[in-house]
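# Residue-level structure breakdown
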Amino acid sequence: MQGNGASPSNDMPEFDYIIVGAGSAGCVLANRLSADGRHSVLLLEAGPKDTNIWIHVPIGYAKLFKEKSVNWMYQTEPEPGLGGRQVFQPRGKVLGGSSSINGLLYVRGQHEDYDRWRQRGNVGWGYDDVLPYFKRAENQVRGGDAYHGAGGPLHVSDWRHHDPLSEAFVKAAVETGIPFNPDFNGASQEGAGFFQTTTRRGRRASSAFSYLRPARTRPNLHIETGALAQRLLFEGRRVRAVEYRQNGRLRTARARKEILVSSGAYNSPQLLQLSGVGPAELLKSHGIDVVLDAPGVGNDLQDHLQVRIVMKCPQPVTLNDVVRHPVRKAMAGLQYAALRKGPLTIAAGTSGAFFKTNPRLASPDIQIHFIPFSTDKMGEKLHPFSAFSASVCQLRPESRGSLKIKSADASVPPAIRINYLATETDRAAFIDGMRILRKILAAPALKPYCTEEVYPGANITSDEGLLDFCRKTGSTVYHPTSTCRMGSDPLAVVDQRLKVRGIEGLRVVDASVMPDLMSGNTNAPTIMIAEKASDMILEDAR
Ligand SMILES: Cc1cc2nc3c(=O)[nH]c(=O)nc-3n(C[C@H](O)[C@H](O)[C@H](O)COP(=O)(O)OP(=O)(O)OC[C@H]3O[C@@H](n4cnc5c(N)ncnc54)[C@H](O)[C@@H]3O)c2cc1C
């Protein structure tokens, strides 16, 4: 093999398809491509099997936040818009990828997101085009309807822990004029209500659980864990093989038909750059032979930022109270063990709201995640007093960043720059969003549960003060996308069939292909993308 200087090997195993990364998208592909038994599939995953018990308990997401055995634990470079702070970026490194460590919320985004993707020239990606794939993936506990599927691999369930605070939040939002919405994934996203989660009877439904488990004993599906892809190998501009490191040994596997990169929004562009597909100057500066000068690889990185308000509560009804009380804590454990209910089923939000900061907008630009506990930073100890949190997340940031390798070595983390709060629209959305959230927190239904605003503090009311608070405390909602963006302009990396433009036999299938960040949580949309990709790949194999 030539191109990037790979040497051929005689004992190289061959597969029809090689999938790099067993995350939200990779597990879907592994299942769908191996389903009819005609194609052999190799699934490579850098992390281990999903045996850590906290993966399967919803609240365990807080425990895995900084658990390096299953987490890449990236950091951004210093962020200019956040006063030079680095922002911690957890990503799943385990079967199921980030769907094994995420906050479990099932939020697809707005119809308008997909129609915007279509409007940007991406034929086949409008809302009407993608809805059948959301439905095909879904096993909705409420049953199927015009917007929902029943009988798919991905279990979507209602909330199993009814606490008075989360209910009061929804009532309070309605009191401020936000309509009640029983289904954020139905006709319209706007309103206040309760999140659904990717869980089955109180246990996490990751894409490994939903898609890989039913497929793993198929003779034509080969799964390798602890296998870190180092680079792709080319003959000219046709990809032929993957070189990966496993148990200290360098191995190579060859693909007869295609290689599908599903390594996530950080690792997919990293792998392309390491393989010689990326901005030529960057690759040359690391001594990498250029296969294709593709300046868009790693470009256009977007992420959701969130800023939390923490409120002290005069009643012992928060999760902080359960955790610091040994008997209540033990009862919560027993309740979960016996019934799979109670505080251990809490995900990254119980209730929430989607609203517009400006009536001229066509659809909500803010998402609120309400959660009946509080902490200084996610993944750290809960406060030793009764308190809860609600975060403001801007749904469609204008700010764009980049991802660039820092070394030709795959084990060296890339430079991640998100450029949070880089535009006036983004800064204004947070200031207005926090003001609207404060109105909700002051509404009658929440009055009995609020004493003192711990963060940012009631004395901070000016635009400058609120923005300063955002800069000092804002953190990610863990939704990086668009680093291998779909499109047909010169900076687009993949076309509408997710094929890497200018390269043969290579697709990217994961959150990195989103043309821009959609207005919701990114797991369900990534699974939808992989469902649609699997049809396109099988069509092209005929
Ligand atoms: C803490 C956290 C909370 C979140 N909360 C939510 C939520 O509540 N709701 C929601 O919808 N979304 C949430 N998300 C986001 C969502 O989970 C992700 O957007 C989604 O899982 C991305 O899927 P993916 O397939 O693109 O990447 P991933 O699922 O991250 O999969 C990539 C896989 O590739 C593997 N890999 C990477 N590089 C290599 C390599 N070189 N060789 C081999 N394997 C490799 C990784 O180990 C990983 O398993 C959260 C994410 C995190 C991290």
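Since the model is a prediction, treat every value here as computed from it, not as a measurement. (Residues numbered from 1 in each chain as written. Predicted model: local features only at pLDDT ≥ 70, side-chain atom pairs only at ≥ 80, totals over all residues. Heavy atoms only, no water.)

Moving on, we get to the state of the cysteines. Counted by the stated rule, this structure contains zero disulfides. Take Cys484: it sits in no disulfide, and the sulfur closest to it among the cysteines is that of Cys27, at 19 Å. Of the residues examined, Cys484 reaches a relative accessible area of 0% and is grouped as buried. (Disulfide = S-S within 2.5 Å. Buried < 20%, exposed > 50% of the residue type's maximum accessible area, 1.4 Å probe, protein only.)

Per-residue pLDDT for the protein chain has a mean of 96; in total, 98% of the residues score no lower than 70. Ranking the elements of the protein chain by mean pLDDT puts helix α2 (residues 61–64) last with 92 and strand β25 (residues 506–508) first with 99. (pLDDT = per-residue confidence, 0-100. Helix = DSSP H or I, 4+ residues; strand = E, 2+ residues; numbered from the N terminus.)

In this section: a negative patch on the surface. On the surface, Glu112, Asp115, Asp128 and Asp129 cluster together into a patch of negative charge. Elements represented by at least two residues in the negative patch include exactly α3 (111–119) and α4 (127–137). Mapping Asp129 onto the fold places it in helix α4. (Patch = residues over 30% accessible without salt bridge, like charges linked within 9 Å, V, L, I, M, F, W, Y side chains within 5 Å. Areas by Shrake-Rupley, 256 points an atom, 1.4 Å probe, with all protein chains shown as cover. Salt bridge = Lys/Arg side-chain N within 4 Å of Asp/Glu carboxyl O. Lys, Arg positive; Asp, Glu negative; His and termini not counted. Charge placed at Lys NZ, Arg CZ, Asp CG, Glu CD.)

Attention now moves to a nonpolar patch on the surface. A cluster of nonpolar side chains, namely Val327, Met331 and Leu334, defines an oily patch on the protein surface of about 320 Å² accessible area. Structurally, Leu334 can be placed in helix α10 (residues 326–339).

Below, the discussion takes up the side chain of Asp303. Mapping Asp303 onto the fold places it in the loop between β16 (299–301) and β17 (305–312). Arg91 is the oppositely charged side chain nearest to the buried, salt-bridge-free Asp303, at an N-O distance of 6.3 Å. Here the side chain of Asp303 touches Tyr420 through a polar contact of 2.6 Å, side chain to side chain. Within polar-contact distance, the side chain of Asp303 engages the backbone nitrogen of His479 at 2.8 Å. With sequence-adjacent residues up to four places away left out, Asp303 is seen in contact with Gln89, Pro397, Ile418, Tyr420, Thr476, Tyr478, His479, Pro480 and Leu517. (Polar contact = N/O pair within 3.5 Å; in protein donor to acceptor, adjacent residues only side chain to side chain. Contact = heavy atoms within 4.5 Å.)

Among the structural elements, Glu243 can be located in strand β12 (residues 238–246). The spacing of Glu243 and Glu464 is 221 residues in sequence and 51 Å in space, taken between C-alpha atoms.

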